[in-house]
Amino acid sequence: MTSKYLWSPAATPSLAVRGVDARFPVGRIFCVGRNYHAHAVEMGRPVDKSTSKPFYFLKDASTLVASGATVPYPCGTQNYHYEMELVVAIGASGFRVKEADAEALVYGYAAGLDMTRRDLQLVARDQGRPWDLGKDFERSAVCTDILPKGTLGVLAAGSIALQVNGTQKQSSDLAQLIWNIPELIADLSQYYHLQAGDLIYTGTPEGVGPVQVGDVITGQIAQVGEVRLTIGAAE
Ligand code: MN
């Protein structure tokens, strides 16, 4: 039985870790939909937490792009949107985790952009089809280096903001998350065996919108960091 590959496998997607001389190898990228009330309203789908549960979609780890990159305006869309998000980096395995035990799974945090082909996502949504064409496409998961949680513990509040060419577009607070970090880890781990290397994009606040070729996106999360992306010529 040979162990050779027919061709070289792709490199493991990974992120730098601030202050640590080792990279964080990325496994799965889970994304939370509609996790800020004002964004759910702007998408025309308000959320009643008392009668609903969080929902998720995934991006392949190969879609990861390091903050600071220039990416081409993607194919297949005429409505390419930014979504500024807190990213939770999972550093330990867990299944059916209790909210009180969720912190032990958190390795650290990053600032991310869930880049979206909004036109394709909305067609899929309205036709009851999967969101993959709108969400899970090449270079769509932008992420800073990871800040180990250190003494931050479970982040429960702090500003989250995004600018396009320096003009403020999104401004909210992590305290506005409908489902907070322990609730997300507890819920997601009912459906998946969470593993070290998984990322959770926790959802975007209101103010999402389109970008054009040449735009520069910047976004900050208090205590975590700043993400940056430049939109290059269409591919
Ligand atoms: Mn999102």
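Before reading further, recall that the structure is shown in the block above.
Residues numbered from 1 in each chain as written. Predicted model: local features only at pLDDT ≥ 70, side-chain atom pairs only at ≥ 80, totals over all residues. Heavy atoms only, no water.

Draft legend 1. Region of interest: the overall build of the protein chain. When you go through the protein chain residue by residue, the secondary structure sums to 4 helices and 18 strands. The C-alpha radius of gyration of the protein chain comes to 17 Å, within 12% of the 18 Å expected for a compact globule of 235 residues. Principal-axis analysis of the C-alpha atoms places the extent of the protein chain at approximately 50 × 45 × 40 Å. Relative to its 235 residues, the protein chain shows a buried fraction of 50%. Taking the intrachain contacts of the protein chain between residues at least 6 apart in sequence as the baseline, contacts between residues at least 24 apart amount to 78%. Of the roughly 11,000 Å² that the protein chain leaves accessible, carbon and sulfur atoms contribute 53%. Each charge class in the protein chain was averaged separately, 20 positive and 24 negative side chains, and the resulting centres sit 4 Å apart. (Helix = DSSP H or I, 4+ residues; strand = E, 2+ residues; numbered from the N terminus. Rg over C-alpha atoms; globule rule 2.2 N^0.38 Å. Buried < 20%, exposed > 50% of the residue type's maximum accessible area, 1.4 Å probe, protein only. Contact = heavy atoms within 4.5 Å. Areas by Shrake-Rupley, 256 points an atom, 1.4 Å probe, with all protein chains shown as cover. Lys, Arg positive; Asp, Glu negative; His and termini not counted. Charge placed at Lys NZ, Arg CZ, Asp CG, Glu CD.)

Draft legend 2. Geometry of the sheet that holds strand β10 (residues 116–117). Pairing is antiparallel across the open sheet formed by 3 strands, whose spatial order is β10-β7-β16. Pairing within the sheet leaves two strands with one partner each, and these edge strands are β10 and β16 (209–210). Note that strand β7 (residues 80–82) and β16 share 2 bridges and pair antiparallel. By the bridge assignment, His-81 is partnered in β16 with Pro-210. (Pairing = 2+ DSSP bridges.)

Draft legend 3. Structural detail: the sheet that holds strand β13 (residues 159–164). Within the open sheet, the 5 strands sit side by side as β6-β18-β17-β13-β14. Their pairing is mixed. The outermost strands of the open sheet, each flanked by one partner alone, are β6 (70–72) and β14 (167–173). Averaged over all neighbouring strand pairs, the angle between strand axes comes to 20°, with direction disregarded. Bridge count between β13 and strand β17 (residues 216–221): 5 bridges; the pairing is antiparallel. (Axes fitted to C-alpha atoms, helices over the stretch in contact; angles between N-to-C directions.)

Draft legend 4. Representation of the nonpolar core within the structure. Within the largest apolar cluster, 46 residues are counted, with the highest numbers of intra-cluster contacts made by Tyr-80, Leu-86, Leu-113, Met-115, Ile-185, Ile-217 and Leu-229. Broken down by secondary-structure element, the contributors of at least two residues to this core are β3 (29–33), β7, β8 (84–90), β9 (106–114), β13, α4 (181–188), β17 and β18 (225–232). In this view, Met-115 contacts Lys-59, Tyr-80, His-81, Tyr-82, Gly-134, Lys-135, Phe-137, Ser-140, Val-142, Val-211, Ile-217 and Leu-229; residues no more than four positions away in its chain are not counted. If you look at the next biggest cluster of nonpolar residues, it comprises 19 residues, including Ala-61, Ala-89, Trp-131 and Leu-199. (Core = buried A, V, L, I, M, F, W, Y, C linked by side-chain atoms within 4.5 Å.)

Draft legend 5. Broad picture of the environment of Arg-34. Here Arg-34 lies in the loop between β3 and α1 (37–42). Residues Arg-34 and Ile-178 lie 144 residues apart in sequence; the distance between their C-alpha atoms is 8.3 Å. Among residues more than four places away in sequence, those in contact with Arg-34 are His-39, Ala-40, Arg-45, Val-47, Phe-55, Arg-125, Trp-131, Ile-178 and Trp-179.

Draft legend 6. The packing of aromatic side chains, seen in detail. Applying the stated criterion across every chain, the model contains 6 aromatic pairs. For the ring pair Tyr-73 and Tyr-80, a centre distance of 5.3 Å and an interplane angle of 75° mean the geometry is edge-to-face. On the basis of relative accessible area, Tyr-73 is assigned to the buried category, the value being 9%. The exposure class assigned to Tyr-80 is buried, which follows from its relative accessible area of 1%. By way of ring pairs, the aromatic residues Phe-55, Phe-57 and Trp-131 are connected into one cluster. Above the ring of Phe-137, the side-chain terminus of Arg-117 is found at 4.3 Å from the ring centroid. (Phe/Tyr/Trp six-rings, centres within 6.5 Å; stacked < 30°, edge-to-face > 60°. Lys NZ or Arg CZ within 6 Å of the ring centre and 35° of its normal.)

Draft legend 7. Fine view of empty space enclosed by the protein. Per the stated rule, a full pass over the model turns up 1 cavity of 30 Å³ or more. The calculated volume of the largest cavity comes to roughly 100 Å³. Lining the largest cavity are 16 residues, and of these Arg-34, His-39, Glu-83, Gln-121 and Trp-131 lie nearest its centre. Elements supplying a minimum of two residues to the lining of the largest cavity: β3 and α2 (118–126). (1 Å grid on protein atoms, 1.4 Å probe; cavity = no way out; pocket = protein on both sides within 12 Å on 5 of 7 lines; lining within 4 Å. Points joined across faces, edges and corners; volume = space filled by probe spheres on them.)

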